[in-house]
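Examining the three-dimensional arrangement
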Amino acid sequence: MKNLKGTFFAMGIAAAMLTACAGGQEAPQLTASGLNPAKFDTIVNGDTVKLYTLKGDKGMEVCITNYGGRVVSLMVPDKNDSLVDVVLGFDNIAQYMDTENSPSDYGSSVGRYANRINKGRFVLNGDTIQLKQNDKHDGGRDHCLHGGGDTGWMNKVYKAEQLDDQTLKLTIVAEDGENGFPGTVTAITTYKIVNGNTLDITWEATTDKPTIINQTNHNYYNLSGDFEEEAGGLNQLIMVNADAWTVADDSYMPTGEIRPVEGTTMDLRQEHAIIEGLDREFDQVKNANGGYDHNWCLNTKGDDTQVAASLYSPKSGIFMEMFTNEPGVQVYTGNFQGIQGEENIVRKLGKHYPQYIAVCLESQKYPDSPNHPEWPSPVLNPGEKYFSHAAYKFSVK
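Presented here is a report on the structure given in the accompanying data block. (Residues numbered from 1 in each chain as written. Predicted model: local features only at pLDDT ≥ 70, side-chain atom pairs only at ≥ 80, totals over all residues. Heavy atoms only, no water.)

Comments concerning the overall build of the chain
The secondary structure content of the chain amounts to four helices and 28 strands. For the chain, the C-alpha radius of gyration of 22 Å lies close to 21 Å, the compact-globule estimate for 397 residues. Considering only C-alpha atoms, the chain reaches an extent of 90 × 50 × 40 Å along its principal axes. Sorting the 397 residues of the chain into buried and exposed places 56% on the buried side. A separation threshold of at least 6 residues defines the contact pool for the chain, and within that pool the share at least 24 residues apart is 67%. Looking at the chain as shown, the accessible area adds up to about 16400 Å², and 50% of this sits on carbon and sulfur atoms. (Helix = DSSP H or I, 4+ residues; strand = E, 2+ residues; numbered from the N terminus. Rg over C-alpha atoms; globule rule 2.2 N^0.38 Å. Buried < 20%, exposed > 50% of the residue type's maximum accessible area, 1.4 Å probe, protein only. Contact = heavy atoms within 4.5 Å. Areas by Shrake-Rupley, 256 points an atom, 1.4 Å probe, with all protein chains shown as cover.)

Side note on the pairing of strand β3 (residues 51–55)
Pairing geometry for β3 and strand β4 (residues 61–65), over five bridges, is antiparallel. Each bridged residue has a counterpart across the sheet, and for L54 the counterpart in β4 is V62. The turn linking β3 back onto β4 is made up of five residues, and G59 within it adopts a positive phi angle of 105°. (Pairing = 2+ DSSP bridges.)

Some words on the packing of aromatic side chains
Counted by the stated rule, this structure contains 13 aromatic pairs. Between F90 and Y106 the ring centres are 5.5 Å apart and the planes differ by 50°, which places this aromatic pair in the tilted class. Note that F90 is positioned in the loop between β6 (83–85) and α2 (93–97) and Y106 in the loop between α2 and β7 (109–110), a separation of 16 residues in sequence. The exposure class of F90 is buried, given its relative accessible area of 1%. Y106 sits in the buried class, given a relative accessible area of 2%. Here the aromatic rings of F227 and Y353 are separated by 5.7 Å at their centres, their planes lie at 85°, and the arrangement is edge-to-face. Here the residue F227 occupies a position in the loop between β17 (216–217) and β18 (237–240), and Y353 occupies one in the loop between β25 (328–332) and β26 (360–364), the gap between them amounting to 126 residues. For the pair formed by F227 and Y353, the shared burial category is buried. Grouped by ring-pair contacts, the aromatic residues F40, F90, Y96, Y106, Y220, F227, Y332 and Y353 constitute a single cluster. Residue placement shows K397 over the ring face of F319; its charged tip is 4.2 Å from the ring centre. (Phe/Tyr/Trp six-rings, centres within 6.5 Å; stacked < 30°, edge-to-face > 60°. Lys NZ or Arg CZ within 6 Å of the ring centre and 35° of its normal.)

Some points on the sheet that holds strand β19 (residues 242–248)
One open sheet accounts for five strands, arranged β20-β19-β22-β25-β26; its pairing is antiparallel. Single-partner strands in this sheet number two, and they are β20 (254–260) and β26. When strand polarity is set aside, the average angle formed by the axes of neighbouring strands in this sheet is 30°. Where β19 meets strand β22 (residues 293–298), four bridges bridge the pair, whose relative direction is antiparallel. Its bridge partner lying in β22, A242 is registered against L298. (Axes fitted to C-alpha atoms, helices over the stretch in contact; angles between N-to-C directions.)

What about the pairing of strand β23 (residues 309–312)?
Of the two faces of β23, both are covered, the one formed by A309 and L311 as well as the one formed by S310 and Y312. Sheet topology places β23 next to strand β24 (residues 318–324); four bridges connect them, and they run antiparallel. Residue pairing for β24: Y312 is matched across the bridge by F319. Between β23 and β24, which pair antiparallel one after the other, the connecting turn spans five residues, and G317 there sits at a positive phi close to 80°.

Let's talk about the nonpolar core
Within the largest apolar cluster, 61 residues are counted, with the highest numbers of intra-cluster contacts made by L74, V86, Y221, V240, W296, L361 and F394. The contact partners of V86, leaving out residues within four places of it in the chain, are L74, V76, Y220, Y221, N222, L223, F227, I318 and F394. If you look at the next biggest cluster of nonpolar residues, it comprises 22 residues, including Y67, I93, Y106 and V157. (Core = buried A, V, L, I, M, F, W, Y, C linked by side-chain atoms within 4.5 Å.)

Describing the sheet that holds β6
Read from one edge to the other, the open sheet built from four strands follows the order β3-β4-β5-β6, with strand pairing classed as antiparallel. Every interior strand has two partners, whereas the edge strands, β3 and β6, have only one. This sheet shows a mean twist of 20° between the axes of neighbouring strands, independent of strand direction. The pairing of strand β5 (residues 70–77) with β6 spans three bridges and is classified as antiparallel.

Quick notes on the side chain of T189
Structurally, T189 is set in strand β14 (residues 185–194). Within the local environment of T189, its side chain forms a polar contact with the side chain of S109, the two groups lying 3.0 Å apart. Beyond its immediate chain neighbours, meaning those up to four positions away, T189 contacts S109, Y158, L168, K169, L170, I201, T202, W203 and Q215. (Polar contact = N/O pair within 3.5 Å; in protein donor to acceptor, adjacent residues only side chain to side chain.)

What to know about the pattern of salt bridges
On inspection of all chains with the given rule, the structure shows 21 salt bridges. D243 serves as the salt-bridge partner of R269, at 3.1 Å between the closest nitrogen and oxygen. One end of the pair, R269, is in the loop between β20 and β21 (272–273); the other, D243, is in strand β19, with 26 residues separating them in the sequence. Taking the shortest distance from any N to any O, the salt bridge between R269 and D267 comes out at 2.9 Å. Here the salt bridges do not stand alone but share partners, grouping D243, E262, D267 and R269 into one network. (Salt bridge = Lys/Arg side-chain N within 4 Å of Asp/Glu carboxyl O.)

Written as structure tokens, this is what we have:
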């Protein structure tokens, strides 16, 4: 009887521990990455926003909000078989929505056009199209960036359908004239965990009149999982399968020149620590605030069975390979993280992100492609289907 009483007492303590003190409510069921899904529940213009969780059979967990189609956390096993969150982000929907005090493109499904269009202007079938110019630079060089930034798709609500434990389908309908873009576009982003260790992303779209489209995912990767290490993203080893890059001016706009990487700090063909190969006196790096923010012309030429790029953290042993059917990849080394007023912004799980803390590998058409007809075309016509694919495969070594 004494042991039985002890058992009941222990059970009572356990039950109490599962109950929150305030109002007797049950403690929230957190994701493996420590997120509280309730902090993502909201309504935006009548549309429901939630956090969705995908789980792979090898431990991978991907948490996604349908606000901007954003990956909020991405958990993968490290060399010690411990799960590590490898992407930057916030742990609540309020900060993602606060584009004035905590602006970010973290994890978003960018649209209608990723990257920049020169002065937000291009000619399509003889008509001059003027887009929203949300990317400001000196000398009147104001460009359209990521489809209009805070009024682009990264800050719109997608209709979400979780098809199974590994698959989330997100749909958005963008009206004709939105941020200046022609055509009503229906676009679908599908996130899927494949083979237990790969985050597979597809983008599909149709239009009712000629338009341009160029979607990407904007995850910021730090494979060590240490989001507060000074310039920690630069300690990652990088490889980009590209013999050339599109030269950019100091407003990040391509000049039209495609230059060989051979003999320059832009040569990422052999895996090496980013910090070891980064020449901050090189004009292209100077223009990008001391890091990379450039488009590489991939040797894979649309073959998404070949490795386009990779990252590796010796600290965690986590290795990521990227595959895509797109002709280019934008490598961005977090050059503006933690500076210019961002140093006081609290991110996921109370972290403060320093400069150069992570690396983006964004599959894409080349920046400003609508103004360079010699480059792979971003034009989508009625009756055609846009299809873009990127996959991020994780392992340890």
